[in-house]
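Fold and contact review
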Amino acid sequence: MSRVFSLDIGIDNLVAITSNQPDYRPVLIKGKVIKSINAKYNKDKAALAKKGKKRHIRSKVGKRHARIHDYFHKASHWMVSE
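Report on the accompanying structure. Bear in mind that the values here come from a model prediction, so they are computed numbers and not experimental data. (Residues numbered from 1 in each chain as written. Predicted model: local features only at pLDDT ≥ 70, side-chain atom pairs only at ≥ 80, totals over all residues. Heavy atoms only, no water.)

Some thoughts on the pairing of strand 1 (residues 5-9)
- Where strand 1 lies against strand 2 (residues 13-19), five bridges are found, and the strand directions are antiparallel. Bridged to Asp8 within strand 2 is Ala16.
- Here strand 1 hands over to strand 2 after three residues, the two strands then running antiparallel side by side. (Pairing = 2+ DSSP bridges. Helix = DSSP H or I, 4+ residues; strand = E, 2+ residues; numbered from the N terminus.)

Here it is, written out as structure tokens:
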């Protein structure tokens, strides 16, 4: 019998992982963390744009990118190491 793993990428669940192996338990990785990071960024960006602070918005873009990059790195590292 061949070993098969399946990944389903989504929004609320970033990744759902399952396998045809009898002893494998399906795994869900939360995606709402990414939604939360984006919601906070959008809120902050709107407030800063209203005040005309373009340089500060650029700083927020970098922080958002770093947080998302970190979360994806941790999720992918965990998937590979399991």
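Here's the deal with the environment of Lys35
- For Lys35, the location among the structural elements is in helix 1 (residues 32-51).
- Sequence-wise, Lys35 and Thr18 are 17 residues apart; in three dimensions their C-alpha atoms are separated by 23 Å.

Considerations on helix 2 (residues 54-81)
- Here helix 2 contains 28 residues, and its C-alpha end-to-end distance of 41 Å stays within 8% of the 40 Å for a straight helix at 1.5 Å per residue.
- Looking only at helix 2, the buried set comprises Ile57, Ile68, Tyr71 and Ala75.
- The inward-facing, buried residues of helix 2 contact strand 2, strand 3 (27-30) and helix 1. (Expected span 1.5 Å × (residues − 1). Buried < 20%, exposed > 50% of the residue type's maximum accessible area, 1.4 Å probe, protein only. Contact = heavy atoms within 4.5 Å.)

As for the sheet that holds strand 1
- Reading across from one edge, 1-2-3 is the order of the three strands in this open sheet, with antiparallel pairing throughout. Of all strands in the sheet, those with a lone pairing partner are strand 1 and strand 3, marking the two edges. Strand-to-strand twist across the sheet, computed as the mean angle between neighbouring axes with direction ignored, equals 15 degrees. (Axes fitted to C-alpha atoms, helices over the stretch in contact; angles between N-to-C directions.)

Thoughts on the pattern of salt bridges
- Evaluated as defined, the whole model comprises four salt bridges.
- Notably, a salt bridge pairs Lys40 with Asp44, separated by 3.1 Å at the nearest N-O pair. With Lys40 and Asp44 both in helix 1 and four residues apart, the pair spans about one turn of that helix.
- One salt bridge in this structure joins Lys60 and Asp44, with 3.6 Å as the shortest N-O distance. (Salt bridge = Lys/Arg side-chain N within 4 Å of Asp/Glu carboxyl O.)

Section: the packing of helix 1 against helix 2
- Packing of helix 1 against helix 2 brings their axes to within 10 Å, and their N-to-C directions diverge by 180 degrees. Considering the angle they form, helix 1 stands roughly antiparallel to helix 2. On helix 2, the residues that touch Val33, Ile34, Ile37, Asn38, Tyr41, Asp44, Lys45, Leu48 and Ala49 of helix 1 are His56, Ile57, Lys60, Val61, Arg64, Arg67, Ile68, Tyr71 and Phe72.
- Taken together, the residues of the contact of helix 1 with helix 2 break down into eleven nonpolar, two polar and five charged. (Parallel < 35°, antiparallel > 145°, perpendicular 65-115°, else oblique. Nonpolar A, V, L, I, M, F, W, Y, C, P; charged D, E, K, R; others polar.)

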